[in-house]
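Understanding the architecture of this molecule
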Amino acid sequence: MGINQRSQVEMTEEEIQSFLAGKRTANLITLGATGHPHAVAMWFGLIDGVIWFETKAKAQKAINIGRDSRATVLVEDGLTYDTLRGVSLEGNAHIVHDPDALWKVGVSVWERYNGPYSEEVKPLVEFMLLKRVAVRFDVERTRSWDHRKLGLDPIPLGGTTAP
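Below: a short report on this structure.

Rules used throughout
- Residues numbered from 1 in each chain as written.
- Predicted model: local features only at pLDDT ≥ 70, side-chain atom pairs only at ≥ 80, totals over all residues.
- Heavy atoms only, no water.
- Buried < 20%, exposed > 50% of the residue type's maximum accessible area, 1.4 Å probe, protein only.
- Helix = DSSP H or I, 4+ residues; strand = E, 2+ residues; numbered from the N terminus.
- Pairing = 2+ DSSP bridges.
- Polar contact = N/O pair within 3.5 Å; in protein donor to acceptor, adjacent residues only side chain to side chain.
- Contact = heavy atoms within 4.5 Å.

Quick look at unusual backbone geometry now. In this structure, Asp48 is a non-glycine residue whose phi angle is positive, near 50°. Of the residues examined, Asp48 reaches a relative accessible area of 78% and is grouped as exposed. For Lys131, which is not a glycine, the phi torsion comes out positive at approximately 60°. One can find Lys131 in the loop between α5 (122-128) and β7 (132-146).

Moving on to the pairing of strand β2 (residues 37-42). In this sheet, β2 lies alongside strand β1 (residues 26-31) in antiparallel orientation, the contact comprising six bridges. Note that in β2 the partner of Leu31 across the bridge is Pro37.

Moving on, we get to the side chain of Glu54. As for its placement among the helices and strands, Glu54 is situated in strand β4 (residues 50-56). At a separation of 3.0 Å, a polar atom in the side chain of Glu54 contacts the side chain of Arg132. Ignoring sequence-local partners within four residues, the contact set of Glu54 consists of Met42, Leu102, Val105, Val109, Met128, Leu129, Arg132 and Val133.

Pasting the structure below:
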């Protein structure tokens, strides 16, 4: 029998939170009307360890979530096998219409992608949130991997996709 590499590459909860805090883009996968996955790249907020999105109220992903809350969020990194890292989160996404929650999400997203929030940027955050809803993602299952834990020799970046 071979070695179970799955257990060797799993991230701890602390590693997962640190990884998510440092990444800019998450792939949000919802289910369309026919059950076919609908995947979109999203910026996201992190509030008390919970992933939140803000999106247009009439966006396809919001419509999908309103119909079926099941969703997956994937965040990944790495250009070669020895550096692959990622977190796949299965759970339920919920549209939250509370203006205070939307504001917290807006400020979190602003700070993650633009810099510190201040009264000076308040009009920009308000504009960013026009016709938007908040989406809270509740995790039910987490899968993670960090191939750096395998201690492999560095693999040079190559192939037709290398810069």
